[in-house]
Structure formats: structure tokens, C-alpha cells
Number of protein chains: 2
Amino acid sequence: MTLLSTIDSGFLLTESHHSPKHIGSLMVYRLPKGKGPAWLRKMLDDMRQHPPSYPLDQRIKRQVGLLFDMETDDRFEIDYHVRHTVLPRPGNDRQLNDVLARMHANLLDRDRPLWEFHLIEGLSDRRFALYFKVHHAMADGITFGRWIDRSTVTDPKDLSLRPIWAVTEEPEDAEQPDLSYAQIIQDGVKALGGGIRTAIDVSLITAKMVQRRFFDKDDHVALPLSAPRTPINVHTGAARAVSFTAYRLEALRAIGKSQGGTINDVVMTMCDMAVSRYFDEHGTRLKGPLVAYMPVSIRTAESDGRGNLVTLLQVKLASRHEDPLDSLAEVRESIDSAREVFSGASSTAVQYYSLMVALLSLFEELLNLDRLLPPVNNMVISNVPGSRVQRYLRGAESIGVYPVSTLPPLTALNVTACSFAGTMYFGLIAGRTAIPDLDTLTEYLDDAFFALAEATGVSTD
Amino acid sequence: MTLLSTIDSGFLLTESHHSPKHIGSLMVYRLPKGKGPAWLRKMLDDMRQHPPSYPLDQRIKRQVGLLFDMETDDRFEIDYHVRHTVLPRPGNDRQLNDVLARMHANLLDRDRPLWEFHLIEGLSDRRFALYFKVHHAMADGITFGRWIDRSTVTDPKDLSLRPIWAVTEEPEDAEQPDLSYAQIIQDGVKALGGGIRTAIDVSLITAKMVQRRFFDKDDHVALPLSAPRTPINVHTGAARAVSFTAYRLEALRAIGKSQGGTINDVVMTMCDMAVSRYFDEHGTRLKGPLVAYMPVSIRTAESDGRGNLVTLLQVKLASRHEDPLDSLAEVRESIDSAREVFSGASSTAVQYYSLMVALLSLFEELLNLDRLLPPVNNMVISNVPGSRVQRYLRGAESIGVYPVSTLPPLTALNVTACSFAGTMYFGLIAGRTAIPDLDTLTEYLDDAFFALAEATGVSTD
């Protein structure tokens, strides 16, 4: 048996038509000089000659308790997975976003390896795009980024081709899953991998949280179920909206550095400013600061970066401030508080705590408790590192790598940022009913960036 | 409250990612002389100006017990429902089928009115296509056909435009639903609309069936759970394959008439011959004749043709014969037997009996009883009347109207035929894992047609 780990199985277990658990990437390229549709078709035909490698050749064999057993798909049909779409003229970004929103809203077929690849032709300005969609049970953002790197090259003259589904790795030796929903639910803390140690760590997290919040009066600690109610913390529905933007990585770094902070602090602050303004403009008054899920890697030195090794920190964002630098300062303190609460605990304990909070959110949705309880969190803000250098696909220059992520229960907004060759690319995904005007939110994000740059004297050119 | 009827609600209740319950139509047109992509875009823009009319402006408000309460969608977003797709070159039928199979595999969004409309550009030979997809809870094939008629005209010079989502009718006065799953399951026969009369009729159906089968030794009667096991009576999975073909209506009529039968007898026989041969070629030996679901209309003179008024007859098909005319004769007798068993019973009783058989099939799937019990049926064969005369869309000539139907539980094949302007158009839809080579089956259907025509001396030109 090749069992998926608990976190990976969790993505399959909690999936539904209204809550797909796949992640995607939109990779935009410029056509090489003198090349057109025939060149694209030839490239796609060449790609189709490559069979998928592990784990993208695996399909679900059966469910074993709450875990999933995988097997090699011996009837793999490349034409089902590899697709070719043409945008109608003029092929502008709005058309691209609409097509992507539809593609990303559709569930993957569980009878087959859990991925799809789309070549999108007909984009204006001699551009074309690749959209790769893979189940979150197969990969997290970091793994995904490595696959993108391996399927492209750094030399524009290197015309070798290795499709993204054929760059992956050999199966590991069969391993017992590390942490199981079933165990957690049925046997309690004692059955966890870390045993007593985990139990103590989990208590420590809770104790630290209580101490900081109530004894040290640290308002920055986000207790579970402390997020304000908002119009975006609703059942997300099946339809999605997507929107994209990008900023110079150096500018983000300079803004952060000027205040003693990181790029991530700036990204979180921009999102907070944009979403808060969005609510203001829509006449929504919030009772207190927004709370965001911030996925953080829990990879250790030993882990080789396969599969999912991510947990979700809850970060309380800023109160309302006139000066964007005050927002930045408050968000920074909150992130530090969130990290501090979890510091020193084993990764098993952090996973356990995060899983509990995530399950709380799921139960809230399933049992329709959202009318009774406040939301567990308001939105997801994620930040994934990508290639540092420019990359090419058979001579075509990469001009954008935008993440397209997934929505947790009762959370109609995910903003994921991905650095790539000196630019930070933002992909926003939303429940289309809750946020029909997602492009407005993206404009507010741009405005927040310019406001922070101006306040810190950083050039945006 | 505007409650959907039992049959309509049933389509929503039994729907899942692996078993979508929408039906579609592929309408192929020839571009008018001198017109191209700009003309298509203009037409689509003009269509978008029309809001949907009842019931296509309705969305699900909530579930009331096992029924669904509908309301007008006051946030209707036309761009979500009306979509524009371009096929990559060369735009051949195989590409069209692949795109359709994907579109048809995806569930409709239950937060919005349950339909999608796709303009498909880029088909070879100056063709374009419209694909309209609507939930079976909103319409059956007959209603669908009427909508197609109302959205097209008979005069090529008539350039008026009325999109298919804007041709529908006003709501009826609120009515109690006629027959409820809940009632059937919870209260048994006594709670049915027809009361004692229904109970007697249902007993009569069963009694007649037993009498004919065992006392009259009529082997043509299909008892429930008497279908042979086949490789296509499996969980269908989410992915679909579609395939299309067409025959002259006059030829089908002449073949039937020569043997004292109907067009429907010929259609059923062709399907039986093709599917039996498909199993032969794949080395599958069947224990006895195939059993097909044949949807029949139970509309009465009073009903005005709205919504769903269809029930499913179970028809045992033919044993193996060398002579296609022997197959035709046996299928004819079987259809007569199936109709005879139900004749005289009230439509409520027929619905009740059919619903029971359908639920049996659903339970078989849900409880994974398919390894223990034989299938309830092997396939669906349906036959829907369409326009008798040629029709046009803003001067573009209609050159094909192909049905794209839905699959019941544990049934990976549906063949639906639709007559239109002198041609019978066949749409085959299959579970893509169970029947990856659906085009082969379509070729066998063509061969069966030619064999029957040759045996009856009917011209196929």
C-alpha cells in the first residue's frame, strides 16, 4: 500500500463540489520571434509523448478508513489530462481570468491521476499561457514551484522539453503515515506520533496563548473563533473569480527593510489594507481586526520537500490606521506573536493544533454553525518562493507565474503571492457570489502597495 | 414557495460529482456567406442583452425536506452563464467531442440558475456550434426541443434573435408537488396521490408482469434485476466520452414499416446490435439479452408539456441472431410487452413503479451492491421528437441537433436520438473509463443501420 499522509488524505476527505482542494499555477510566456499557433501545437504534441512520472501517474485505488491508498494508473490517457484551449479575440486578461475561473472551479476526476494541464492559445500581445492544476493531496506550493523550475530552463537557447507532469520523483520507501485524522478523532492525543511529548507541546501552545493574551495583555494573539464576521465568511459556492497582479520584489523588500520587517510583513499588510478598504467601501463595519490564515512550512532539515509539509498559523491583522506604516508595524507584531506561540513546539504538535482549528472550521460549515459562531478566520494569505532567475520554455520567455490556490470552508478569499525572477506575482481567488467584484480588490492591493512605497520613499519603477 | 415536483427534485437529490443530472444539446450551424468570427461575437453580444425568462431565471433557495424551493436570482450574472470557446485548429469533430465531453462532465453551480450556454467557434468547414446545458430538474427532452424551436426561425431571411434562455414560459400557479420521494419512502403506498387506486394499479403491474412472464411464458418481459452483468454496468466515474452520428429519418421509417414496426423499434434494434457486437469484439459473453431503460412520455392531454413528465420503461432487447430482421422482430415484441404491462395503469402508478426501480438502482450504487446483485438495466436508449422543418439562427442554417444526455447509476451508456428536419441525430454519452473507445460503438451503430437497410432493401442515400 502507498498510503497518503494525513494532511494529504485530509484534502481528499474534506473536498466537495463547493470546495475543491486542488491548487494551480498560471504560467504566462511570450512566443519566440516568428513563432505562432503551429509552433504551439508542435510543442504540445511533443509534450504528449512524455508519460507522467511519480506521483502524477498515481490514482486513488481505494479509501482505507480515512486515508487513501494509491496505485499506478495502468490505463493512463494523456489526451484526457493535457488540453488545448483558444481564447476568443481579442484574448485580453479579462477573458483569460474568466476561463481560468471556470477551469479552476471544476473538480478533478478521482478515477484518474489528479491533475490537468491546459495550453491556452490566443492571448493578446503574442503571449500564451500554461495552466497546471493538481490536487493539494499531491503537492503543496513549494513542491509545485520545484516542478515549474524543473520543467523550464535558464538558457533561452536550450530547446529541450520536459513537461511539468514528467519532472517528478520516484516513490519513497513505503512509510506509515505520520498523523491520522482517524487517530486524532478516535484515540485522542495519546495516540499521536509524538505521544506524551506532543501532548505536552499542545498544552504549551494553549498555555502560551492564554498567558500572552490574558496575562501579558498581548492583543496580537489570535484566539480560535475570534475573527470578526464578514460578508466573505460564508459558504463559498462552486463558482470562482480570479484576479492577478504583480510587484517588483526589490520594492517590497525595501519597504519592509525600511521598517525592520520582511517581504512577508509587507504582503500581509497590503492584503489587510486592501480587504479592510473593500469592506469600508461596501459599507461593512467590522468588529475588530481581520484574522488571516498564514500557511507556513514545517519542513525540517531532514525532509526532502515532498508532498505537503505546511501548517496554518492564525494571524490577527491590524486595527484601522491612517498611516500605512502603523498598519505595517501592527501586522509585524501580530506575525511575531503568532510564531512565538508555536515556537519550540514539535512540528507534530503544531500540525495537531492547526488541524484542530481547521476541523473546527469544517464542522462550522458542515453543521451550519456559521450563524451561531464567529468565523475561525477571515481569509488566507500565502507566500511561496519560486525561481530566483529568469526561465524559458523552448525559447519562450516566462513573463509571469501566478498562483491559483484553494479556499478553506467559510472563507471566500485566498491571496497567494509567488516570487519569480525578481517579481512577486499575486493570484487572488474568491467565491464568485461573495466577491463578484474581485478586480476592485486587486486595485486596492495596488493602491496599498503604492501607499506603502510612498510612505517609505521606495521607488516603484 | 415554488416547489419543484418530485421527479424534478429527484434529479437534484440523486446528483453527485460522478453523476451529474443535466442534459444538453449540441446545435451545429453553417456560417452565413461572408460571415466570420466578428459576426459570431456580435451575435453573442446581442444575445447577452436578453435576460433569462422563467424557469431559467430561478435558483435553488433551499431544500424543504426532500424537495427544492426555488426563487428568482436577483444577482443574475449573464457572463457567468453565457460563454465563448474557440477550438484549436483544425477544429475537427474529434476536438469538438473532447471539449463537449469535458463541458458536460462538469456540474452546474447550485447557487445560480441551473444552465450554461456555450458558443463554440473554430469548427472546420465554416461551422460553428451552440451547446446548451440545463439541469434535468428544469426540463426534459421534449421541453428542451420546444426551447430550441422557439430560439430559431424557419425563414433564413428572418434575422430576429431570441436566445434559448429567453424563450421560456411564465410560472404556473403554485401547485402541490404530485408525488414525493419522502412520501413514498416514509408512508408507503397509502400516502400516494392516487391512494387506493394507485395501490391497486401498482399491484396490477406486478401481477401482470408475473402472469406474463411465468404463466404466459412471455420471455420478453423484463423483470427488475434481470439484466445481465456487463463491463459498462459499473460506477461511471466523473469523466465522460461523447460521440455523434446521424441517419435519414425516412430510411429509418422505411426499415420499420417494411416489418410492420416503428422508427423507435428500429432505433432500439440498432442500439442492441451495436452494443452486443461491441461486447462480442471485446470478448464479453453475456448471460441473456440486454435490458434497456426506455424513457416514455406520460404527458396527458391536460398537461401543457412543462418540466418533466417522463418515466422509464424497462425493455428486454434481443437474443443473438444472424439475421438483423430477427433482432428487429424480437425487440418489437419486447417493447410491446413492456408497454402492455403498464397499459391501463394510472400515470401515478407507472411513475411509482418506475421510481421504485430507479431507486433500486441508486441504492445498488450507493451501497455497493453491484457486486452482489445483477444490474437493474444495462443502458438507456431514448428517442425525442424535434422540429420537422429546417430552422435558422440569424440566417445561419442548422446542420445538426445532437442530444447530450445523462447517465443513471451504474449505467455507463446513454444513446439518445433526436429527429430534426428529416434527420435522426444520435448523441452517445458514456463513462469514459468504462467505454474509452466510444467511437467504435458509433461505427457499429452505423453498420447496424446499413445491415438493416440492406436486409429490407431500403436506400440509405
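Anything mentioned here points back to the structure above.
In what follows, the accompanying structure is described. (Residues numbered from 1 in each chain as written. Chains lettered and ligands numbered in written order. Predicted model: local features only at pLDDT ≥ 70, side-chain atom pairs only at ≥ 80, totals over all residues. Heavy atoms only, no water.)

## A short note on the packing of helix H8 (residues 249-258) of chain A against helix H9 (residues 263-281) of chain A
Residues and elements named next belong to chain A. The interhelical angle for the contact between H8 and H9, taken along N-to-C directions, is 95°, at an axis separation of 8 Å. By the angle class used here, H8 and H9 are roughly perpendicular. Here H8 contributes Leu-249, Leu-252, Arg-253, Ile-255 and Gly-256 to the contact with H9, which in turn contributes Ile-263, Val-266 and Met-270. Across the contact of H8 with H9, the residue classes tally to six nonpolar, one polar and one charged. (Axes fitted to C-alpha atoms, helices over the stretch in contact; angles between N-to-C directions. Helix = DSSP H or I, 4+ residues; strand = E, 2+ residues; numbered from the N terminus. Parallel < 35°, antiparallel > 145°, perpendicular 65-115°, else oblique. Contact = heavy atoms within 4.5 Å. Nonpolar A, V, L, I, M, F, W, Y, C, P; charged D, E, K, R; others polar.)

## So, the relation of the copies chain A and chain B
Note on the copies: chain A fits chain B at an RMSD of 0.0 Å, the axial shift is 0.0 Å, and the rotation between them is 180°. What we have between these two chains is a two-fold relation. Across chain A, the rotation axis passes nearest the C-alpha of Val-86 of chain A, at a separation of 2.5 Å. A symmetric contact is evident, with 100% of the interface residues of chain A recurring at the interface of chain B. (Least-squares fit on C-alpha atoms with pLDDT ≥ 70 in both.)

## A few points about empty space enclosed by the protein
Rolled over the atoms, a probe with the dimensions of a water molecule shows which regions are left empty. For the structure on display, the rule yields 10 cavities of 30 Å³ or more. Roughly 640 Å³ of volume is contained in the largest cavity. Lining the largest cavity are 44 residues, and of these Arg-102, Met-103 and Asn-106 of chain A together with Met-103 and Asn-106 of chain B lie nearest its centre. Listed by contribution, the elements that provide at least two residues to the lining of the largest cavity are strand E5 (82-86), helix H4 (93-105) and strand E6 (115-123) of chain A together with strand E5 (82-86), helix H4 (93-105) and strand E6 (115-123) of chain B. Considering every element that reaches the lining of the largest cavity, the biggest residue donor is H4 of chain A, with five residues. The residue inventory of the lining of the largest cavity, partitioned by class, reads 23 nonpolar, 10 polar and 11 charged. (1 Å grid on protein atoms, 1.4 Å probe; cavity = no way out; pocket = protein on both sides within 12 Å on 5 of 7 lines; lining within 4 Å. Points joined across faces, edges and corners; volume = space filled by probe spheres on them.)

## Quick notes on the packing of aromatic side chains
Per the stated rule, a full pass over the model turns up 28 aromatic pairs over all chains. Pairing Phe-117 of chain A with Phe-132 of chain A gives two aromatic rings, centres 6.4 Å apart and planes at 55°, and the pair type is tilted. Here Phe-132 of chain A lies in strand E7 (residues 127-135) and Phe-117 of chain A lies in strand E6, a separation of 15 residues in the sequence. What makes Phe-132 of chain A buried here is its relative accessible area of 0%. Measuring from ring centre to ring centre gives 5.4 Å for Tyr-29 of chain B and Phe-128 of chain B, while their planes differ by 20°; the resulting arrangement is stacked. Note that Tyr-29 of chain B is positioned in strand E2 (residues 22-30) and Phe-128 of chain B in strand E7 (residues 127-135), a separation of 99 residues in sequence. Given a relative accessible area of 2%, Tyr-29 of chain B falls into the buried group. (Phe/Tyr/Trp six-rings, centres within 6.5 Å; stacked < 30°, edge-to-face > 60°. Buried < 20%, exposed > 50% of the residue type's maximum accessible area, 1.4 Å probe, protein only.)

## Considering unusual backbone geometry
All names here are of chain A. Look at the link from Tyr-54 to Pro-55: it is a cis peptide, with omega at 0°. Within the element layout of this structure, Pro-55 appears in the loop between helix H2 (37-48) and strand E3 (58-64). At Arg-126, a residue that is not glycine, the phi angle is positive and equals roughly 55°. When you line up the elements, Arg-126 lands in the loop between E6 and E7.

## Some thoughts on the side chain of Glu-330 of chain B
Residue and element names in this part refer to chain B. Structurally, the position occupied by Glu-330 is in helix H10 (residues 324-342). Salt bridges are absent for the buried Glu-330, whose nearest opposite-charge side chain, Arg-320, sits at 7.5 Å. Within the structure, the side chain of Glu-330 is placed 2.9 Å from the side chain of Ser-319, a separation counted as a polar contact. (Lys, Arg positive; Asp, Glu negative; His and termini not counted. Salt bridge = Lys/Arg side-chain N within 4 Å of Asp/Glu carboxyl O. Polar contact = N/O pair within 3.5 Å; in protein donor to acceptor, adjacent residues only side chain to side chain.)

## Some thoughts on the interface of chain A and chain B
The interface of chain A with chain B comprises 29 residues on the first partner and 29 residues on the second. Taken together, the two surfaces of chain A and chain B that pack against each other cover about 2,700 Å², and 46% of this comes from carbon and sulfur. Remark: the boundary between chain A and chain B carries four salt bridges. Across the pair Asp-79 of chain B and Arg-94 of chain A runs a salt bridge, and its minimum N-O distance is 2.9 Å. Counting across the interface, chain A meets chain B through nine residue pairs in polar contact (both at pLDDT 80 or more). Those elements that provide at least two residues to the side of chain A that touches chain B are H2, helix H3 (78-81), E5 and H4 of chain A. Considered class by class, the residues forming the side of chain A that touches chain B number nine nonpolar, seven polar and 13 charged. (Buried area = accessible area lost by both parts, 1.4 Å probe.)

## What about the environment of His-17 of chain A?
One can find His-17 of chain A in the loop between helix H1 (6-13) and strand E2 (22-30). Distance from His-17 of chain A to Gly-237 of chain A, taken between C-alpha atoms, is 8.4 Å for residues 220 residues apart in sequence. Discounting chain neighbours no more than four positions away, the residues touching His-17 of chain A are Leu-107 and Ala-238 of chain A together with Leu-107, Leu-108 and Asp-109 of chain B.

## Considerations on the packing of helix H9 (residues 263-281) of chain B against helix H12 (residues 438-456) of chain B
Residue and element names in this part refer to chain B. Their axes nearest at 8 Å, the elements H9 and H12 cross at an angle of 125°. By the criterion of interaxial angle, the relationship of H9 to H12 is oblique. With respect to the hand of their crossing, H9 and H12 are arranged in right-handed fashion. Contacts from Val-266, Thr-269, Met-270, Cys-271, Met-273, Ala-274, Val-275, Arg-277, Tyr-278 and Glu-281 of H9 reach H12 at Leu-441, Tyr-444, Leu-445, Asp-447, Ala-448, Phe-449, Ala-451 and Leu-452. (Left-handed = near helix turned anticlockwise from the far one by under 90°.)

## Observations concerning H4 of chain A
Residue and element names in this part refer to chain A. Given a rise of 1.5 Å per residue, 13 residues ought to cover 18 Å, and the 18 Å separating the end C-alpha atoms of H4 matches this to within 8%. Most of H4 sits inside the fold, with 11 of its 13 residues counted as buried. For H4, the complete set of buried residues consists of Gln-95, Leu-96, Asn-97, Asp-98, Val-99, Leu-100, Ala-101, Arg-102, Met-103, His-104 and Ala-105. Two or three places before Arg-94, at the opening of H4, Asn-92 has a side-chain oxygen 3.2 Å from that residue's backbone nitrogen. (Expected span 1.5 Å × (residues − 1).)

## So, the pairing of E5 of chain A
All names here are of chain A. Counting buried positions over the five residues of E5 gives five, a clear majority of the element. Because side chains alternate across E5, one face comprises the buried residues Val-82, His-84 and Val-86, and the other comprises Arg-83 and Thr-85, equally buried. Pairing geometry for E5 and E6, over five bridges, is parallel. Of the residues in E6, the one forming a bridge with Val-86 is Glu-121. After leaving E5, the chain enters H4 and then returns to the sheet as E6, a path that is right-handed. (Pairing = 2+ DSSP bridges. Right-handed = clockwise from strand over helix to strand, strands pointing away.)

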